[in-house]
Each structure stands twice: as structure tokens, then as C-alpha cells.
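Secondary and tertiary structure notes
Spelled out from the first residue to the last, the chains are:
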Amino acid sequence: MKQVQLGNHEFEGQNNCYVLGTEPGATLTLVDTGIAHPDTREQLESDLAAHGLEFADVERVLLTHWHQDHVGLAGEIQAESGCSVHAHAEDAPLIAQDTEAQESMNARLRRLTEEWGMPDGKREQLLGFLTSEDGEGRPPDVTTFTDGDRFDAGSVDLEVVHLPGHSAGLSGFAFDGRDGEELFPGDALLPYYTPNVGGADTRVEAALSKYLDTLAGVVDRGYTRAWPGHRGAIVDPPGRAADIIAHHRHRTGRVVDVLDETGPADPWTVGAHLFGDLHGIHILHGPGEAHAHLVHLTDAGVVERDGDDYALADPEADLDALFPDVTGALAPERQP
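What you see is a predicted model; the values in this text were computed from it and never measured.

Some words on helix α6 (residues 120–132)
Look at α6: 18 Å from first C-alpha to last across 13 residues, which is about the 18 Å you get at 1.5 Å a residue. Buried within α6 we find K122, R123, L126 and F129. Projected onto a plane normal to the axis of α6, the buried residues spread over an arc of 125 degrees and lie on a single side. In α6, those exposed residues whose orientation departs by more than 90 degrees from the buried face are D120, E124, T131 and S132. Contacts made by the buried residues of α6 are with α5 (99–115), α9 (267–275) and α10 (282–299).

Let's talk about empty space enclosed by the protein
By the definition in use, this model includes one cavity of 30 Å³ or more. In this model, the largest cavity occupies a volume close to 30 Å³. Lining the largest cavity, in full, are N16, Y18, V31, D32, T64, F184, G186, W227, P228 and G229. At the level of elements, β2 (15–20), β10 (181–186) and β11 (225–228) are the ones that each hand at least two residues to the lining of the largest cavity. The class makeup of the residues in the lining of the largest cavity is five nonpolar, four polar and one charged.

Examining helix α7 (residues 207–221)
With 15 residues, α7 extends 21 Å from end C-alpha to end C-alpha; this agrees with the ideal 21 Å at 1.5 Å per step. All of the buried residues in α7 are A207, L208, Y211, L212, T214, L215, A216, V218 and V219. Contacts from the buried residues of α7 go to α8 (237–262) and α10. Trailing α7 by a residue or two, G222 shows a phi angle of about 70 degrees, which is positive.

Remarks on the nonpolar core
Across soluble globular proteins, nonpolar side chains show a tendency to be buried alongside one another. If you look at the biggest cluster of nonpolar residues, it comprises 43 residues, and the most contacted ones within it are L189, L215, V270 and L297. At the level of elements, α7, α8, α9 and α10 are the ones that each hand at least two residues to this core. The biggest single contributor to this core is α8, with eight residues. Other than its neighbours up to four places away in sequence, L297 contacts T252, V255, V256, V302, V303, L319 and L322. Counting residues in each nonpolar core, the second largest holds 26 residues, with L63, V85, L94 and M105 among its members.

Cut-off values and rules
- Residues numbered from 1 in each chain as written.
- Predicted model: local features only at pLDDT ≥ 70, side-chain atom pairs only at ≥ 80, totals over all residues.
- Heavy atoms only, no water.
- Helix = DSSP H or I, 4+ residues; strand = E, 2+ residues; numbered from the N terminus.
- Expected span 1.5 Å × (residues − 1).
- Buried < 20%, exposed > 50% of the residue type's maximum accessible area, 1.4 Å probe, protein only.
- Arc of directions from axis to C-beta.
- Contact = heavy atoms within 4.5 Å.
- 1 Å grid on protein atoms, 1.4 Å probe; cavity = no way out; pocket = protein on both sides within 12 Å on 5 of 7 lines; lining within 4 Å.
- Points joined across faces, edges and corners; volume = space filled by probe spheres on them.
- Nonpolar A, V, L, I, M, F, W, Y, C, P; charged D, E, K, R; others polar.
- Core = buried A, V, L, I, M, F, W, Y, C linked by side-chain atoms within 4.5 Å.

On their own, these measurements won't tell you what the molecule is for.
See below:
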């Protein structure tokens, strides 16, 4: 396996593209492709060339999820090589730039930004940012996969593992590694910051609940190493997943404190207390994550919704009960 790290201009930087199946007779496979910017394409071409490869050699592209910084170059690679491009059925229409799927997403986004209480000026900034993005690239023809499907990549056999939360169709690829089972988790598991939940894919209902199930599954499966969509390898995936769960438990406590202090509030107001002033894509991510926590609390009866506002209904609720018990996977310094 070869790891290619690609820069981008819009998101968190250092997107990873993984190159598999380079041995004779194997299917040359890329896991994610980077954003469709000319300099990112040039970087990917250069890094592949360093291994004696070019776009025309690629036989298969596996995509973890629909975000541009992971799929942007897939169509261009497919146009040069004729390779197959694969993604989960939930995300495939957006990757293929299907007009109906995009219009449905945009309509939902407009409705939610109003429900969340986003000020007009910030909504205009957000829509301006989203329309100014130029990272989609050429739309590929996408073949769908689902949880449990397998792909032969030469020395490893990849198993699709559905990891929803950050996006509806986010999927990783598990394989038997040197010391146990390893995982390409896309953005479901990142080493230095927590993936956004609620704003990164507004289609996901009960996004935090789904993501907590995803993280608990990573703990239960006991992966020995993970190769994420950004930055370096994760050497303790169960511990990292448990740490992200603890992070969301802490954030839920902060949401409850905000409602206790302010009284009924909309997601934008709660998000402003959590994250401060927001710019660019974070204008969407901030209230989106606040909304995901408010929905999780509402489903548990801790919070009640009245119109577009949320109010604390049970200030004495046991918030620990709303989260998977993964304390055994936490590092000693994180143990309660």
C-alpha cells in the first residue's frame, strides 16, 4: 500500500489517497482521489509517477464518501483509464452529480438553515462559499456497493464497512493487516480533530446517534490500525473512537448548560455559544453539529422542541446513559 498526501484549498488539507494492488496481476486500486483542483491533480500525477504509475493504469477507484475533497478527481481518472468507480448507494447519486439528488440536497439545506435560525448575512456568506467552490470535477459513472461487499486488491481483500454519521453513505474498507484487522475509515475516524456531524451531510437523520453507533462498532471490532482520509495513521483506532465518543459526551453537557443558561434557543444560538463566530464551511458545520446534539437530546426526552427552539425538559437527566459505554477503550488519562 502506498499513501499519497494531497493538499486542498477548501477544507482541512492533507487528503489521503491510498494506492493498492501494485503487484503483478492485481487490480490497481485507489481509495479516494482528492479534490478536483489543477494543482492537486498535478500532485497526484507526480506522486503516482514516482511509483511508475499514471492515471491510465488505474483500474478501480473506491470512494469513502461524497465530499469533494475525497471524490473530485474520480471522473477525470475514469475518463483517462476507463476504470470503475465505486461508492455506497447512499452517496453515489451526489458523487455522480445527479441533478435530482443535488436539488434535493440544496432544498433541504435552505430549509434547515432557516429552521436553525441562521442570520441572513451568514446564510449569504455560506451560500456564496458553497457556490464558489470549484472542486467537483468531472462526474464519474458510479457503481454502488453496500455493507459487507468485498474487493480483491491483490495482497489484501477489502471488506466494505458502512460507517454513517459524517455522511449517509460513508464507508470504510477493512482488511487483514500485519498485526490484525486494519481499516481505511475515510472521515469517520480522524487523528487530530473530530469529524463534523450534522452539517457535513444534512441528509442524515439522527446523525449523532448514527455516528455513535459507528464509533462503538470501531471499538467492538478492535482494529489495530486505521488509515484515515486526512493526515497520518491512527495506531489505536478503538481508543481514538472512544475518545471521540467522550468528546461528544462532553459537548452534549455543554449544550445542556447553554440551554440552562439561555432558556429556549435555536441551533444557531447554541452553536454560537459552542463555537463562536464562524466563517466559510463552518457556518454550516457549527449549527449543524449543535442541531445533531439537540436532536439526540430531544429523542431521549432531555430536551423539548417548540417550533424552531429547543428547551431543557429534564435538567437532571443522566447524560452518560445517552452514550455507548466504551471507557475500557479509553487511554488511562481519559478514564473517568
